Amino acid sequence: MSAADTPKSASPRLTTRELAAVDDVLQDVRAHEHSPDVTVTAAADVGTPPAAFGAGGPMLKQFDQSNAASRIMSQASTPRSVVGIGGKVAKPDYSEAKIVLAMVGLPARGKSYLSNKLMRYLKWLEYDVKVFNVGQLRRSRARQKAQQSGKREDHTASYFSHNNQEATRIRDQLANDSLEMLIQWLKEGGNVGIHDATNSTRERRQKIVDRVSKEKGIVVIFLESVCDDPAIIAANIALKVSSGDPDYKDMSREEAKADFERRIREYEAVYETITEPHLSYLRIKNVGSQVTLCHIHGYLQSRIAFYLMNLHLKPRSIFFSRHGESQYNVEGKIGGDSPLSERGMRYAHALPALITDNIGDAPLTVWTSTLQRTVQTAQDLPYTKLTWKSLDELDAGVCDGMTYEEIEQAYPDDFANRDEDKFNYRYRGGESYRDVVVRLEPVIMELERQENILIIGHQAILRCLYAYFHDLPQADLPYIKIPLHTVIKLTPKAYGCDEERYTLPIGAVDTHRPKPKAPAPTVPASNSGREYYVR
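### Considering the overall build of the protein chain
- Counting its secondary structure elements, the protein chain contains 17 helices and 15 strands.
- Across the 535 residues of the protein chain, 52% fall into the buried class.
- Of the contacts made within the protein chain by residues no fewer than 6 positions apart, 74% connect residues no fewer than 24 positions apart.
- Accessible surface for the protein chain amounts to roughly 23900 Å². Of this, 51% is attributable to carbon and sulfur atoms.

### A look at the sheet that holds strand β10 (residues 365-368)
- The mixed open sheet is built from six strands, whose spatial order is β11-β10-β13-β9-β14-β15. The open sheet is flanked by β11 (384-387) and β15 (496-503), the only strands paired with a single partner. Taking each pair of neighbouring strands and ignoring which way they run, the sheet shows an average axis angle of 20°.
- Looking at chain direction, strand β14 (residues 486-493) and β15 are connected through eight bridges and run antiparallel. Residue pairing across strands places T486 opposite T503, the latter belonging to β15.
- Its contacts with the sheet put helix α11 (residues 342-359) on β9 (318-322), β13 (453-457), β14 and β15, and the angle it makes with β14 is roughly 30°.

### Focus on the side chain of H512
- Within the secondary structure, H512 is located in the segment after β15.
- In terms of polar contacts, H512 uses its side chain to reach the side chain of R463, at 3.3 Å.

### Observations concerning the pattern of salt bridges
- One pass over the full model with this rule turns up 33 salt bridges.
- One salt bridge connects R109 with E268, and the closest N-O pair in it is separated by 4.0 Å. In this pair, R109 sits in the loop between β3 (99-104) and α3 (111-124) while E268 sits in helix α8 (residues 253-268), placing the two residues 159 residues apart along the sequence.
- Overall, R109 belongs to the buried group, its relative accessible area being 8%.
- For E268, a relative accessible area of 41% translates into the label partly exposed.
- Between E499 and R501 there is a salt bridge; the shortest N-O distance is 2.7 Å.
- Residue class for R501 comes out partly exposed when judged on its relative accessible area of 30%.
- Salt bridges sharing partners connect three or more residues here, namely R138, R139, D247 and R263.

### Remarks on the pairing of β11
- Sheet analysis places β10 next to β11, joined by four bridges and oriented parallel. Residue pairing across strands places T365 opposite T384, the latter belonging to β11.
- This β-α-β element, β10 to helix α12 (residues 372-378) to β11, shows right-handed connectivity.

### Thoughts on the packing of aromatic side chains
- All told, the structure shown has eleven aromatic pairs when counted by the stated rule.
- For the ring pair Y121 and Y307, a centre distance of 4.1 Å and an interplane angle of 5° mean the geometry is stacked. One end of the pair, Y121, is in helix α3; the other, Y307, is in helix α9 (residues 299-309), with 186 residues separating them in the sequence.
- For the pair F320 and F469, a centre-to-centre distance of 6.3 Å together with 55° between the ring planes defines the contact as tilted. Of this pair, F320 sits in strand β9 while F469 sits in helix α17 (residues 459-470), and the two are 149 residues apart along the sequence. The same class applies to F320 and to F469, which are both buried.

### Thoughts on the packing of α3 against α9
- Running from N to C, α3 and α9 cross one another at 120°; their axes reach a closest spacing of 11 Å. Considering the angle they form, α3 stands oblique to α9. Viewed along their axes, α3 and α9 form a crossing whose handedness is right-handed. Two secondary-structure elements touch here, α3 through L114, K117, L118, Y121 and L122 and α9 through L300, R303, I304, Y307 and L308.
- A breakdown of the residues in the contact of α3 with α9 according to their chemical character gives eight nonpolar, no polar and two charged.

### What to know about empty space enclosed by the protein
- For the structure shown, the criterion picks out two cavities of 30 Å³ or more.
- Volume-wise, the largest cavity comes out at about 60 Å³.
- Only α13 (404-410), α14 (412-420) and β12 (425-427) provide two or more residues apiece to the lining of the largest cavity.
- It is α14 that contributes the most residues to the lining of the largest cavity, four residues altogether.
- When grouped by side-chain class, the residues that make up the lining of the largest cavity number six nonpolar, no polar and four charged.

### With respect to unusual backbone geometry
- Phi at N199 is positive, roughly 40°, even though this residue is not glycine.
- Checked against the element boundaries, N199 lands in the loop between β5 (192-196) and α6 (202-212).
- Residue classification places N199 among the buried positions, given a relative accessible area of 2%.
- Of note, H485 is a non-glycine position whose phi angle comes to about 60°, a positive value.
- Counting through the fold element by element, H485 comes out in the loop between α17 and β14.
- Taking the relative accessible area as the measure of exposure, H485 reaches 1% and is therefore buried.

### A few points about the confidence of the model for the protein chain
- For the protein chain, the mean per-residue pLDDT works out to 83, and 80% of the residues sit at or above 70.
- Per-element confidence in the protein chain is highest for α12, whose mean pLDDT is 98, and lowest for helix α2 (residues 58-76), whose mean pLDDT is 41.
- Considering only residues more than four positions removed or in separate chains, one finds that residues 1-14, a stretch of pLDDT under 50, has 29 contacts.
- Segment residues 58-84: pLDDT under 50, and 54 contacts once partners within four positions in sequence are set aside and those in other chains are kept.

Conventions and cut-offs
- Residues numbered from 1 in each chain as written.
- Predicted model: local features only at pLDDT ≥ 70, side-chain atom pairs only at ≥ 80, totals over all residues.
- Heavy atoms only, no water.
- Helix = DSSP H or I, 4+ residues; strand = E, 2+ residues; numbered from the N terminus.
- Buried < 20%, exposed > 50% of the residue type's maximum accessible area, 1.4 Å probe, protein only.
- Contact = heavy atoms within 4.5 Å.
- Areas by Shrake-Rupley, 256 points an atom, 1.4 Å probe, with all protein chains shown as cover.
- Pairing = 2+ DSSP bridges.
- Axes fitted to C-alpha atoms, helices over the stretch in contact; angles between N-to-C directions.
- Polar contact = N/O pair within 3.5 Å; in protein donor to acceptor, adjacent residues only side chain to side chain.
- Salt bridge = Lys/Arg side-chain N within 4 Å of Asp/Glu carboxyl O.
- Right-handed = clockwise from strand over helix to strand, strands pointing away.
- Phe/Tyr/Trp six-rings, centres within 6.5 Å; stacked < 30°, edge-to-face > 60°.
- Parallel < 35°, antiparallel > 145°, perpendicular 65-115°, else oblique.
- Left-handed = near helix turned anticlockwise from the far one by under 90°.
- Nonpolar A, V, L, I, M, F, W, Y, C, P; charged D, E, K, R; others polar.
- 1 Å grid on protein atoms, 1.4 Å probe; cavity = no way out; pocket = protein on both sides within 12 Å on 5 of 7 lines; lining within 4 Å.
- Points joined across faces, edges and corners; volume = space filled by probe spheres on them.
- pLDDT = per-residue confidence, 0-100.

Okay, structure coming up:
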């Protein structure tokens, strides 16, 4: 990955060449808008999504070019009342984006995994997204009834039989109620409501289409997760019966596994894959080996499709480390391209042993920015190294190379404005945290495609990436503590990320500035467990 692959953003105007590129993309979209479907099949490596949609691939490059216009519109909305070294960036207006994304698939096919991954990604990009899980609603109502009556409902496999008419009526009502709550939430301002249910028959899917069609400005697309890989199915079943599901509270693991397999067979008896030619849908096979698109139109729907094409289930770890302490860190200056300090060089020499002890013989790729302090930190690592322009530190514009004290003295009003709203504040000639999130989107796409990665980056960059994996709110993002000389290991799981931190005993300055008059965000504990009730 070269610097040329990810051009630096935050330019206030599009060049003639960029405008021509955007125009080419729009013409291509218009030329293909009546093409009903596309099927993308991965090569021999079943676990790796199609390379065409990876960062640097032709489709994602085209997508990035079309995205440039949206970034410029966001930049143009800076309030004129803000003066000085910078201003606040307005949140993009997504109010017209209203999508019901209805999941389709048998149990243990990864529907909830896909739902939660997509929710985290779109929320990180500032869309308002919520998952409406019918299973959670079922358990919540059953628990409420049990608390009132003292009698627990039977939700074993027979409850999910199509021949059990009363249970089928109740399950249909739960699905309808969940959809109604979703639609009401969209009408109150939400952007994407994910209906996480099996929706396994043509009749059920048509009911969803008919209901949504009554609402102006809301569209429905279906996401079908198909899996015929026995290993993936077995792993999903094992996760289901070993993670504290209340449906199996009083069963042994063997009994729970047998009952859940019977539940799957009950659904298989009536399951109908999507073949309806009029539906808008995506079908994902084995979480990435094959993707089918039908009637997918518009910016947001295409964005969803690109993201889902890049997911995989291979076990992996993602390591974050800031560069070693730099000369500018010691001097209290921000930005710049200074070399490492003496202590920073000691960290660079010690880092390889920590990484190899942790990862063993497994393959690993190291990503750095183009700035010398990250390149120096990676110099002794015995792994393939790639340089990303997109990983360069937040551009401080005219304040580059200044200390915070110097900024406060020279620009007191704007210093206060940044402390007031650090995520949205943009340096004049530089960037805001919101700008950095936009520029990091191709990095997120590629991270989802890859296996073991070590990113040696900068404080603001790693804060943004960390917030994505831990689903943290934007208000907290600029204040996440990412200390120097510390390696953060993230292990993605089905419903979140586990985290470990390793701090080397090499001193360094503390560059963290807490939010004024507010408690610092806490480092989240392991949050990879599944939620079983409606919150």
